[in-house]
Amino acid sequence: MAAWTDIFVLGLVLSNFRLLASSRLTVMIETMVLQAFALTAILLTLADRPWPLRLIVLSLVTLAVKGALLPWLLRRTMRAADVRREIEPFIGYNVSILAGIAILGLGFLIVQPLKATVVPGSASLLPGALFTTLTGLLIIVSRRKALAQVVGYLAMENGIYAFGAALVVKEPMLVEMGVLLDVFVAVFVMGITIYQINREFDHIDTDRLSELKD
Amino acid sequence: MTLTASILHWLAAVLLAPLLVGVINRTKAFFGGRRGQPFLQVYHDLFKLMGKGAVYSQTATWIFRFGPMLGLAVVLTALAIVPAGGLRALFVFPGDFVFLAYTLGLMRFFTVLAALDTGSAFEGMGASREMQFALLAEPVLFAGLAVLAAGSGQLSLSGIYNQLWSAGMRPEGAPVLLVALTLLMVLLAENARIPVDDPATHLELTMIHEVMVLDHCGVDLAFIQYGAALKLWLFAALVTGLAIPLRTGQPMVDLVVTIAGIFITAVVVGIVESTMARLRLVRVPQMLVASLALSLAAFFWILR
Amino acid sequence: MTMEMVLSSLLVLTIGAVACLFSGGCAKRASGLGVAVSVAGALLAVWPAVGVLWTGRSVALRLPWQVPFGSFHIAVDPLAALFIVMISLVSALAAIYGMGYLEACANRKHLGVTWCFFNLLQASMLLIVLSRNGLLFVMAWEGMSLTSFFLVMFEHEKQAVRDAGWTYLTAAHLGAACLLALFVLLGGTDGSLDFDRLAAPSGPLMAGILFVLAVLGFGAKAGFVPLHVWLPEAHPAAPSHVSAVMSGVMIETGIYGLVRITLLLGPPPLWWGWALLIIGATSGILGVLYALAQHDLKRLLAYSSVENIGIVCMALGLWLLGVAARKPELAALGLMGGLLHLCNHAIFKSLLFLGAGAVKHGAHTLAIDRLGGLQKKMPHTALAFLIGAAAICGFPPLNGFVGELFIYMGAFGAVTHAAGNGTLAVAGMIALLALSVIGALAAACFTKVYGIVFSGAPRSANALGAAEPPRSMRHPMTVLAGLCLLLGIGAPIGAALVSPVAAQLLGESAAVAAIVSVRPWLVALSLGGGFIAALTALLAVLRRRLHHGRSIARGPTWDCGYVAPTARMQYTASSFAWPIIDMMRWMIRPRVEACVDHGYFPRQAYLATHSADFFRQRLFVPLFRAVATVSNSLHWLQQGRNQLYVLYIAVTVLVLLVLKVR
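Residues numbered from 1 in each chain as written. Chains lettered and ligands numbered in written order. Predicted model: local features only at pLDDT ≥ 70, side-chain atom pairs only at ≥ 80, totals over all residues. Heavy atoms only, no water.

J.: Account for the pattern of salt bridges, with residues named and values stated.
T.: Tallied over the full model, the rule gives 18 salt bridges over all chains. The partner of Asp582 of chain C in a salt bridge is Arg585 of chain C, and the shortest N-O contact between them spans 2.6 Å. (Salt bridge = Lys/Arg side-chain N within 4 Å of Asp/Glu carboxyl O.)

J.: Give me the lowdown on the confidence of the model for chain B, citing residues and values where you can.
T.: Scored by pLDDT, chain B has a mean of 90; 98% of the residues are at 70 or more. If you check the scores for this complex, the pTM reads 0.91 and the ipTM reads 0.95. (pLDDT = per-residue confidence, 0-100.)

J.: Let's hear about the side chain of Ser247 of chain C: which residues, and what values?
T.: All names here are of chain C. Positionally, Ser247 belongs in helix H9 (residues 240-264). Under the relative-accessibility criterion, Ser247 is labelled buried at 0%. With residues up to four places along the chain from it excluded, the contact list for Ser247 reads His235, Ser305, His345, Lys349 and Phe353. (Helix = DSSP H or I, 4+ residues; strand = E, 2+ residues; numbered from the N terminus. Buried < 20%, exposed > 50% of the residue type's maximum accessible area, 1.4 Å probe, protein only. Contact = heavy atoms within 4.5 Å.)

J.: Could you give an account of the side chain of Thr111 of chain B, with specific residues and numbers?
T.: Residues and elements named next belong to chain B. Position of Thr111 among the secondary structure elements: in helix H4 (residues 96-117). Overall, the relative accessible area of 19% leaves Thr111 in the buried class. For Thr111, the side chain forms a polar contact with the main-chain oxygen of Met107, separated by 2.6 Å. (Polar contact = N/O pair within 3.5 Å; in protein donor to acceptor, adjacent residues only side chain to side chain.)

J.: For the packing of helix H1 (residues 2-31) of chain B against helix H9 (residues 218-243) of chain B, give the residues involved together with the corresponding values.
T.: Residues and elements named next belong to chain B. Between H1 and H9, the least distance of the axes is 8 Å, while the angle of their chain directions is 100°. With respect to their mutual orientation, H1 and H9 come out roughly perpendicular. Residues His9, Ala12, Ala13, Val14, Leu16, Ala17, Pro18, Leu20, Val21 and Ile24 of H1 form the contact with H9, whose own contacting residues are Tyr226, Ala229, Leu230, Leu232, Trp233, Ala236 and Ala237. Looking at the contact of H1 with H9 residue by residue, the classes come out as 16 nonpolar, 1 polar and no charged. (Axes fitted to C-alpha atoms, helices over the stretch in contact; angles between N-to-C directions. Parallel < 35°, antiparallel > 145°, perpendicular 65-115°, else oblique. Nonpolar A, V, L, I, M, F, W, Y, C, P; charged D, E, K, R; others polar.)

J.: Mind laying out the interface of chain B and chain C, listing which residues take part and the relevant values?
T.: The partner chain C presents 77 residues to the 76 residues of chain B that form the contact. A per-residue breakdown of the area chain B buries against chain C is headed by Tyr102, Phe109 and Leu135 of chain B, which together make up 11% of the total. The tally of links from chain B across to chain C stands at 1 salt bridge. With a shortest N-O distance of 2.8 Å, Asp220 of chain B and Arg543 of chain C are connected by a salt bridge. Looking at which element gives the most residues to the side of chain B that touches chain C, the answer is helix H5 (residues 121-152) of chain B, with 19 residues. Where strand S1 (residues 54-57) of chain B meets strand S3 (residues 552-555) of chain C, 4 bridges bridge the pair, whose relative direction is parallel. When the sheet's bridge partners are listed, Ser57 of chain B is paired in S3 of chain C with Gly555 of chain C. (Buried area = accessible area lost by both parts, 1.4 Å probe. Pairing = 2+ DSSP bridges.)

Below, the structure is given as structure tokens:
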């Protein structure tokens, strides 16, 4: 099973590169759906079969929240705010991808000492998760549009989720449910905020919010 | 038996490469709702060009005439290094893939010089872009090769291709498929295929490879077009060997499977060309940098 | 016998140099004497060096010398011998070339002085690789810096040349300061600076400090980024045959020093290898990018030297990594690749500089965008330059490829056999990615040079009136181009040159294993090159047969049917390079000035791009400005009265005395 986990972690990693390379918000949201599937698959492949009921429930909830509910919310906000793409990111797409490569290498380097102790089945889960988290961070700091930043935040959360996946298989799912709820509320609030920003200023460029400082 | 098969692969490439171009053209025609040109049209074109005289620019020198000959000689040599599936190639030594990449670089060097030799502004433009995209394609190729070398523990192309998939299809082979994908992108970039270059537009301004050979005619043009077909075969063989995880151990069966696979790759290229628009020139680097990211992801994968 | 010949070579060069001074203003006599001395010195030095390379045994000589810490201790071992061969070959050929090159300035300049410095430069370079004593080494090093400084200042009446000369002198002395500190720290135990009596550094920290000093000191000469800033200034300012020597061999003595001193510092830790690898990759990529952006032929070549030194530095990084990680094969491939590339660089870079000199001689300009079509005016130079350009891009079957293949194989080996050693694999990956990027950029750079300068139609009256240089300038280029071909098709010859050095530095068994493992691919390389040549010949015959009886016409360039093409409509070098420069602008930050006149009939428009050196502008200019500010604030110390200066001295002595006695 470990080999299959690896494949899905690889899918997660590649989806992050897609996130870094694309300027269209629709593509970014689609990628979130892909990541939801990848995360679910990672969760399932990590566990021993037959799968316990709570795991199945958890994965279904994950899929529903991350794969359907959040993208739906984001799409709605996108339409409401009438933005389609990130026009001028602070860090260009090519450089973003190169930075992504560096982060990936860093991820593998950092987890070297942890490798033996933490992860039960898959050697790639930890670096993959770390990479996803850092990619999210990179997107938050390098993009201008608030929606792209929300997507970055979600990617970060996905990374943390993947971290947790190794433990979730054994631990109660309460923690995970809490996290999911957290994210949901966060995105909900952001959606409202973006809508309001857009209504007030006719754009959602966050860097121009600095004009509010005085 | 193996030797015969390798010689046969080389001969197949030499004889069938123009057909590969025909297959791509027919695929594109199919998607365009046309019947398209006959499969053998490229052969007719080549023969017609061979029988023609020539007009040379007054500006041009011997380099202009030397470029096409050297280019064809280089591809014919390079083809002898490329294995068919798991079969050993004709010419095998450690580091042969570096030789392959650099001989192809030599071919590009002289194509570009021949283009600049005419003093034509259009050809200069094409030459400049050719060097730009080569800069992006080269690291992708080498990163891919490094992944394959690391995955197989071999240092020659034949060794690598023989070792890969020797234990059949396994999920651990995922990085190899990734490399196949990146090599497909290199194929598109290096062979003037659509997301990168479109030889069929009517504006020379927007072409890359085709605009470099504007001034060539007759036998020289035949050499160039034949060389381009062989180069397509070469990359298609590299991709096919990775994408088809079949090593029967029967040389002839492997050979037939590989050649069939090469034609399937051509169909895939045709489909890609039909379904994608040409990228804007500023977007091409992004595609190639992304494929570099893919191969490096595969590399870290193998290392972990 | 060996040492006698080497000593006599040094003597011939020094005495001949002095004799040149007294040639009495007659340019012909001065040139003749200078060339004869240089060639004689080269012959006397090459013979014993080849002997040492052949047998692999080193020879030493130690003479008493009444200088504190000093002893006249010189030796020829394979490492030194390799450099002796390079130095002598390039210097002698450059001297022969220089005779014709300097003829044009014969009535404005006292050529005796120039030839004196040229011969002294050759002697001091020889002494650097010969010396086995710290003090002697530093003196020879200083001699090399000073003589080359005076050679750079050849046309000192020009302001630009003077600026370049001072930049060079400053860089050389900052480097020399590091070297002085290095030797002071290295010696000190029993008061001898002989290399074989130096104690190994006391701990890893000390060794690390010494290594950093060596990298800084030798890197300033070799041209590691960001210490390379003097290269693009000094090389274009010097006469071309001097640039050939400086770029072909003088900067390589920096690499020699680095290798020699690293050997003295004990077993290398892993981070030394990493440091060299990263420095090398940075130098290589930035060097070639800046080269691509240049508009002046010799500046371009100077930046390309930074690139090649970067490649060599990367190879040495692989060597140290291999030694530190106990992978003898990686160490051998890195070391041999680095040294081989160094030899190859000496050959093709001096060839290219001589070619640039011929262009300057023929067309009186080095601005790439003002040249064009020189192939028809100077076919001989063009062919030699083409071979050099293809060799420097590393294309088979020329010599550049052989050295790079060694490095590639080291890198691929590190990637492949690094099971459980992820660090080495990452190092290998970095090396081979950097090499492939450098290779592609070098190809872009030299297609630009050849395509714009030699192909197409002449872009200016200068280019239109260009003519082939005299025979004495052509033959050295022919020899060097021939060597490019010989060492490329005969790949095993190059390996045979560096294998004694590998045996010396890595131990017999490891080296032999490495050499045995590389021999098959070298032979295969020769075969492949021969195969390509044969096929090309075959196709040429075929083409001739097909053309037989057909009409072969000549006409204007088609250019899509445009009826009135002019030479000014050709693509320029700047436009050719622009897509890549634009793509990489986040690395080298070019400056663009454009003026576009809109409207239906735009009257005037221009576009200019400048790629000033980022490190010079952003690092060294502010740094030196700060130093100047600090120095100016101490200006009150300088009163101009003798008494005061004596007082300063007395106070200093007193303070020292007090410190020492306490």
